[in-house]
Amino acid sequence: MTLRLATWNINSVRLRIDQVARFVAERAPDVLMLQEIKCTTDQFPRGAFEDMGMPHLRVAGQKGWHGVAIASRLPLEDSDTFQVCKLGHARCVSARVAGIDVQNFYIPAGGDVPDRALNPKFDHKMDFYEQLTAIVAKQDKSRPLVMAGDFNIAPGEGDVWNHRYMSKIVSHTPLEVETLNRLQETGGFADVLRDRFPEPQKLASWWSYRAADFRKSNRGLRLDHIWTSPGLTPAVVKDTARIHDDVREWERPSDHAPVTVDLDV
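Below is a summary of the structure that appears in this document. (Residues numbered from 1 in each chain as written. Predicted model: local features only at pLDDT ≥ 70, side-chain atom pairs only at ≥ 80, totals over all residues. Heavy atoms only, no water.)

## Notes on the pattern of salt bridges
Considering all chains together, one arrives at 20 salt bridges under this definition. Ionic pairing is found between aspartate 30 and arginine 73, a salt bridge with its closest N-O pair at 3.9 Å. Placement of aspartate 30 in the loop between α1 (17-27) and β2 (31-35) and of arginine 73 in the loop between β4 (68-72) and β5 (92-97) is noted, with a sequence separation of 43 residues between them. Judged by relative accessible area, which is 30%, arginine 73 ranks as partly exposed. Glutamate 199 is the salt-bridge partner of arginine 194, the closest N and O atoms lying 4.0 Å from each other. (Salt bridge = Lys/Arg side-chain N within 4 Å of Asp/Glu carboxyl O. Helix = DSSP H or I, 4+ residues; strand = E, 2+ residues; numbered from the N terminus. Buried < 20%, exposed > 50% of the residue type's maximum accessible area, 1.4 Å probe, protein only.)

## Points about helix α5 (residues 174-187)
Here α5 contains 14 residues, and its C-alpha end-to-end distance of 20 Å stays within 8% of the 20 Å for a straight helix at 1.5 Å per residue. For α5, every residue scored as buried is listed here: Glu176, Val177, Thr179, Leu180, Leu183, Gln184 and Gly187. All buried residues of α5 project into a common sector of 165° when viewed along the axis, lining one side. In α5, the exposed residues that point more than 90 degrees away from the buried face are Pro174 and Glu185. Its buried side turned inward, α5 meets α3 (120-136), β8 (190-191) and β9 (224-228). Immediately downstream of α5, the backbone of glycine 188 shows phi near 65°, a positive value. (Expected span 1.5 Å × (residues − 1). Arc of directions from axis to C-beta. Contact = heavy atoms within 4.5 Å.)

## A short note on unusual backbone geometry
The residue after glutamate 199, namely proline 200, is reached through a cis peptide bond having omega 10°. Relative to the elements of secondary structure, proline 200 occurs in the loop between α6 (192-196) and α7 (214-217). Its identity is not glycine, yet aspartate 239 carries a phi of approximately 65°, on the positive side. The topology assignment puts aspartate 239 in the loop between β9 and β10 (242-243).

## Thoughts on the sheet that holds β2
Ordered in space as β3-β4-β2-β1-β11-β10, the six strands form an open sheet in which the pairing is mixed. Since the sheet does not close on itself, it has two edges, and those belong to β3 (56-60) and β10, each with one partner. Pairing geometry for β2 and β4, over five bridges, is antiparallel. Directly across from leucine 34, in β4, lies its bridge partner alanine 69. (Pairing = 2+ DSSP bridges.)

Geometric descriptors of this kind do not, in isolation, establish any biological role.
What follows is the structure, encoded as structure tokens:
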């Protein structure tokens with residue numbers, strides 16, 4: 001069986017529920033991981049997901065901010081969520097589907113100043129990564145595990161529009177890149193997009209709303225990721241990982257584009 005996984009920072013699921021339905025109809029994900037749903041758990045539009053054939057849900061909502069969810073065509077089982085947000089925000093949700101542990105994250109953006117002492121938001125982001133790395137270090141690498149979501153770090157030079165400039169901006173500073181790489185190395189995770197599109201090819205999944213034409217300005221960042229554990233990476237179907245950047249062209253889009261990959265399970 002081929003299982004298509006998708007991750008998408010939707011930037012308000014209720015505002016963009018029609019776009020979610022269109023994406024599900026056109027791109028046929030089996031499991032959809034959403035970030036920034038921006039609603040409480042009871043406000044989540046469950047009926048709309050049932051109508052689009054994805055009735056199996058795990059939702060961690062929060063009033064006005066954050067919030068993450070997993071929607072699936074296939075039944076979901078409970079999984080131990082990697083709860084690592086010291087402020088208790090709704091930034092983590094998990095489920096087991098088709099024998100795969102899926103961990104969905106909306107990692108803090110970190111504010112504007114890349115200094116832990118001066119910026120509590122940046123300290124929160126680094127703490128989130130440190131706690132997550134400590135949990136990952138205890139995991140069995142042979143277990144089929146997906147780590148996905150909006151990681152709010154663009155790690156490689158090809159993941160930013162201008163490496164020299166962005167190295168001073170939160171999301172691509174050396175400390176953040178080192179921190180993300182440490183997490184990936186600790187778990188032995190494969191970055192499915194970079195495995196398909198090696199550096200130096202430019203990749204982006206986020207573009208600011210400030211640009212009237214995001215393609216013309218071409219100042220994107222690759223903030224959205226799907227990683228697979230050593231026990232799952234052999235199941236990745238070759239040449240299926242992709243960023244659906246055309247979705248960013250839809251009317252009133254999220255500033256993020258969806259990312260998908262197919263697994264042979």
